[in-house]
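# Reading the structure
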Amino acid sequence: MRITIIPPVVTEVNTTKIFLPDVEATERFGGCLAAAVQAESADIAESGLNVRLEGNLGAGKTATARAFLRALGVSGRIKSPTFTLLETYPLANGLEAFHFDFYRFESPEEFLDAGFRENFAPKHITLVEWSEKALPCLPPDDLTLTLTVHDDGRDLEIAPHSPLGQKVFDEVLRAWNSHADR
């Protein structure tokens, strides 16, 4: 029997970097991401949307998640899940948001032991901070938002990793650019 080894297909990922100089810009980005999610809500209802928030401590991951959730209509206190690991938010459009923070994980198996995998499902939007602490147990992401401190603001790099992530990515850029043109 002859075995043929096929090299993996490497696909180029579109990325875009946006500078967020202040809280207002972060809130504007949260609104653009919320508009993109609403535009793709039928696909999200069918398959779910997994978003990773990457960056060092203090980079603005939780602030970005909070701006997004506010723009989706979440009222009341939006807490950081640093100590609880998970905060859940029902959304008006029949979707539900799950905000995770795995900073305190000591091993990836804690993700499985906690039963978090079931939250990565249709009708669910997952926002994951410190995803590297749950790898390789964590399901693949559709979209990665990487934040880096830059002067008094933040650089935000957006990268899609799935067809749905690409749709959301395209909608975010359309909304961001149309707002910038005003």
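What this report covers is the structure whose coordinates are included nearby. (Residues numbered from 1 in each chain as written. Predicted model: local features only at pLDDT ≥ 70, side-chain atom pairs only at ≥ 80, totals over all residues. Heavy atoms only, no water.)

## Details of the packing of aromatic side chains
Evaluation of the coordinates by the stated rule reveals 10 aromatic pairs. Ring geometry for Phe100 against Phe120: centres 5.4 Å apart, planes inclined by 15°, an arrangement best described as stacked. With Phe100 in strand 4 (residues 96-101) and Phe120 in the loop between helix 4 (109-113) and strand 5 (124-129), this residue pair connects regions lying 20 residues apart in the sequence. Like Phe120, Phe100 is buried. (Phe/Tyr/Trp six-rings, centres within 6.5 Å; stacked < 30°, edge-to-face > 60°. Helix = DSSP H or I, 4+ residues; strand = E, 2+ residues; numbered from the N terminus. Buried < 20%, exposed > 50% of the residue type's maximum accessible area, 1.4 Å probe, protein only.)

## Some details on the side chain of His124
Here His124 is to be found in strand 5. Judged by relative accessible area, His124 falls into the buried class, the value being 16%. Looking at His124, its side chain comes within polar contact range of the main-chain oxygen of Asn119, at 2.8 Å. In contact with His124, not counting residues within four places along its chain, are Ile44, Gly48, Leu49, Glu96, Phe98, Glu118 and Asn119. (Polar contact = N/O pair within 3.5 Å; in protein donor to acceptor, adjacent residues only side chain to side chain. Contact = heavy atoms within 4.5 Å.)

## A closer look at helix 3 (residues 61-71)
Every buried residue of helix 3 is accounted for by Lys61, Thr62, Thr64, Ala65, Ala67, Phe68 and Leu69. In the stretch just after helix 3, Gly73 is the one whose phi turns positive, near 100°.

## Points about the sheet that holds strand 3 (residues 86-90)
The pairing of strands in a sheet comes from backbone hydrogen bonds and takes either a parallel or an antiparallel form. As summarised here, the arrangement of the 7 strands in space is 1-7-6-2-5-4-3, forming an open sheet in which the pairing is mixed. Where the open sheet ends on each side, the last strands, each with one partner, are strand 1 (16-20) and strand 3. Direction aside, neighbouring strands of the sheet carry axes that sit 20° apart on average. Strands strand 2 (49-54), strand 3, strand 4, strand 5 and strand 6 (143-150) of the sheet are contacted by helix 3, whose axis makes an angle of about 160° with strand 5. (Pairing = 2+ DSSP bridges. Axes fitted to C-alpha atoms, helices over the stretch in contact; angles between N-to-C directions.)

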